[in-house]
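Listed here are the chains, written in short residue letters.
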Amino acid sequence: MSEHIDPFADNQDDGPVAPESTDEQTKHQVAALLNRLQRIRRTHIPVPEYDYQQLRSEYEKQANADIQKLQQDTRLQRVQKLIAQADLNPDWLFERMDHSDPILEHAIQTAHSFISGFEHWEQHGGSCILIYGDYGSGKSTLAGAIAHELINQRQKSVIFQQWASIIDRLFFAVIEDQEERNRYRRALEEVDLLIIDEIGANKTRMVESQSSFLGHLLRRRRNLSKSVILITNHNPASLHQAVGDFCFEAIKAFNPVDIHLTGPSRRPRIGNYGG
Ligand SMILES: Nc1ncnc2c1ncn2[C@@H]1O[C@H](COP(=O)(O)OP(=O)(O)OP(=O)(O)O)[C@@H](O)[C@H]1O
Ligand SMILES: [Mg+2]
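It should be emphasised that the depicted structure is a prediction, and the values quoted were computed from it without experimental measurement. Along each chain, residue indices are assigned from 1 in the same order as the chain's sequence is written. Just so you know, chain letters begin at A and ligand numbers begin at 1, following the order they were written in. For this predicted model, a pLDDT threshold of at least 70 governs which residues receive local features, and a threshold of 80 or more governs which side-chain atom pairs are given and counted, while totals over whole chains, interfaces and linings are taken from all residues.

**Quick word on the site of ligand 1**
In step 1: To decide whether a residue is near a molecule or strand, its C-beta atom is placed from the backbone and checked for lying within 6 Å of it. If you check the shell around ligand 1, you find 13 residues, and the closest are Met 97, Gly 138, Ser 140, Thr 141 and Arg 266.
In step 2: Element by element, the count of residues in the shell around ligand 1 is highest for helix α5 (residues 139-154), at three residues.
In step 3: Across the shell around ligand 1, the residue classes break down as three nonpolar, six polar and four charged. Helix and strand labels come from DSSP, where a helix needs a run of H or I of at least four residues and a strand needs a run of E of at least two; each type is numbered from the N terminus. Residues are grouped as follows: Ala, Val, Leu, Ile, Met, Phe, Trp, Tyr, Cys and Pro are nonpolar; Asp, Glu, Lys and Arg are charged; all remaining types, including Gly, are polar.

As structure tokens, this is what we get:
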């Protein structure tokens with residue numbers, strides 16, 4: 001008769017196995033098995049009891065945290081890219097402005113309304129602010145602060161450009177490659193917010209081809225429901241003279257809100273000369 005091999009036997013002594021009936025043998029084997037299981041239970045580190053509801057909620061919490069982190073990283077990258085594209089002076093921020101100056105109160109309020117209504121106007125023809133006033137009165141700073149806010153809080157794309165610089169790029173081939181010039185022109189038309197600074201800076205009447213280009217650009221943006229901020233040293237009447245009827249009508253089509261910045265230049269004096 002071949003020797004019986006107990007598949008569950010361990011090296012511990014569970015007592016001699018006497019020749020018995022098959023039932024008895026099975027009983028012994030079961031007892032030995034139970035005995036062994038009890039030993040394992042006593043000697044092994046207890047297996048933690050999992051609460052699956054709790055585990056699930058922990059996994060969900062972790063997954064949400066991961067997604068949030070990813071979204072924050074993506075947002076930060078997008079904001080950095082938008083800032084780089086916008087060509088903005090990093091100092092143009094609301095928090096750097098002199099909030100105690102009553103001259104600025106209305107201007108800052110209007111700027112905030114423009115920001116809060118920005119998305120509404122993206123569906124309704126776009127909005128426009130015309131910022132005008134003397135040299136150094138803070139026009140570029142105010143527009144730049146609006147741009148920073150729209151980029152940082154709403155991830156809008158912005159181009160901030162002096163009018164002379166747009167003309168140089170497009171009319172005087174500062175951008176040499178035709179394809180690249182076309183891309184730039186399209187960006188001017190399609191960016192969420194276009195800020196054109198120093199329109200008519202030299203106070204003379206704009207050359208016909210340039211005022212016509214500006215008029216077409218503004219009409220195109222109006223059709224695309226894209227907002228603009230226009231900055232100039234002219235008052236509205238002299239701006240009309242400078243840009244001509246076609247272009248001025250395009251500005252009027254936006255039903256612009258005007259911000260008139262008054263007061264002396266905020267730039268520091270040179271020595272004792274206050275001019
Ligand atoms: N709200 C403000 N509070 C404090 N300082 C300001 C404010 N706005 C502008 N400045 C400062 O005044 C100076 C001129 O501002 P900014 O360049 O915006 O004027 P501007 O009206 O655009 O002038 P220009 O017509 O010559 O382009 C800057 O040095 C700026 O830091
Ligand atoms: Mg300026």
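**A word on the pairing of strand β1 (residues 128-133)**
In step 1: Buried, partly exposed and exposed are defined by the number of other C-beta atoms within 10 Å of a residue's own C-beta, namely 20 or more, between the two limits, and 12 or fewer respectively, with C-beta atoms placed from the backbone. Among the six residues in β1, six count as buried, and that is most of the element.
In step 2: Only strands joined by at least two bridges in the DSSP assignment are considered to pair. Across five bridges, the pairing between β1 and strand β4 (residues 227-232) is parallel. Within β4, the residue paired with Ile 129 across the bridge is Ile 229.
In step 3: The pairing of β1 with strand β5 (residues 257-261) spans five bridges and is parallel. Along β5, the bridge assignment pairs Leu 130 with Asp 258.

**Structural notes on the UniProt feature "domain: AAA+ ATPase" (unreviewed entry) in the protein chain**
In step 1: The UniProt record annotates "domain: AAA+ ATPase" (unreviewed entry) at residues 125-258.
In step 2: Note that residues 125-258 is 54% helix and 19% strand, and that its end C-alpha atoms are spaced 17 Å apart. UniProt positions are given in the numbering used here, feature names are shortened, and annotations may be inferred rather than shown by experiment.

**Overview of the nonpolar core**
Note that soluble globular proteins tend to have their nonpolar side chains buried in a common cluster.
In step 1: What we call a nonpolar core is a set of buried Ala, Val, Leu, Ile, Met, Phe, Trp, Tyr and Cys residues whose membership is set by joining through C-beta atoms within 7 Å. In terms of nonpolar packing, the biggest core is built from 49 residues, with Ile 131, Ala 147, Val 158, Ile 195 and Ile 229 touching the most fellow members.
In step 2: Residue contacts for Ala 147: discarding those within four places in its chain leaves Ala 86, Leu 88, Val 158, Phe 160, Leu 193 and Ile 195. What counts as a contact is two residues whose backbone-derived C-beta atoms lie within 7 Å of each other.

**Quick word on the confidence of the model for the protein chain**
In step 1: By definition, pLDDT measures how confident the predictor is in each residue, and it falls between 0 and 100. Looking at the protein chain, pLDDT values average 88 and 91% of them are 70 or higher.
In step 2: Looking across the protein chain, the model is least confident in helix α1 (residues 22-43), with a mean pLDDT of 86, and most confident in β4, with 98.

**Describing helix α8 (residues 208-223)**
In step 1: To estimate the expected span of a helix, count its residues, drop one, and scale the result by 1.5 Å. Across its 16 residues, α8 extends 22 Å between first and last C-alpha, which sits within 8% of the 22 Å expected from 1.5 Å per residue.
In step 2: Regarding α8, the residues found buried are Ser 211, Leu 214, Gly 215, Leu 217, Leu 218 and Arg 221. When α8 is viewed along its axis, its buried side chains cluster within an angular range of 160° and face the same direction. In α8, the exposed residues that point more than 90 degrees away from the buried face are Glu 208, Ser 209 and Asn 223.
In step 3: Within two residues after α8, Ser 225 carries a phi angle of roughly 65°, on the positive side. By construction, the arc corresponds to the directions joining the helix axis to the C-beta atoms.

**Remarks on the sheet that holds β1**
In step 1: Taken together, five strands build an open sheet; the order of strands is β2-β3-β4-β1-β5 and the sheet is parallel. Edge positions in the open sheet fall to β2 (158-162) and β5, since each of these has one partner strand only. Averaged over all pairs of adjacent strands, the angle between their axes in this sheet comes to 15°, without regard to strand direction. Lines fitted to the C-alpha atoms define the axes, with helices restricted to the stretch that makes contact. Angles between their N-to-C directions range from 0 to 180 degrees.

**Observations regarding the packing of helix α2 (residues 52-86) against α5**
In step 1: Relative orientation of the contacting elements α2 and α5 amounts to 155°, with a least axis distance of 9 Å. Between α2 and α5, the crossing angle belongs to the class labelled roughly antiparallel. Considering the relative orientation of α2 and α5, their crossing is right-handed. The segment α2 lies against α5, with Val 79, Leu 82, Ile 83 and Ala 86 engaging Ala 147, Ile 151 and Asn 152.
In step 2: Class assignment for the residues of the contact of α2 with α5 results in six nonpolar, one polar and no charged. Should an angle fall under 35 degrees it is taken as roughly parallel, and over 145 as roughly antiparallel, whereas 65 to 115 is taken as roughly perpendicular and any remaining angle as oblique. Should the near helix be turned anticlockwise from the far one by less than a right angle, the crossing is termed left-handed; should it be turned clockwise, right-handed.

**Focus on unusual backbone geometry**
In step 1: We note that Gln 155 has phi near 50°; this positive angle belongs to a residue other than glycine.
In step 2: Relative to the elements of secondary structure, Gln 155 occurs in the loop between α5 and β2.
In step 3: Note on Gln 155: 14 C-beta atoms within 10 Å, which makes it partly exposed.

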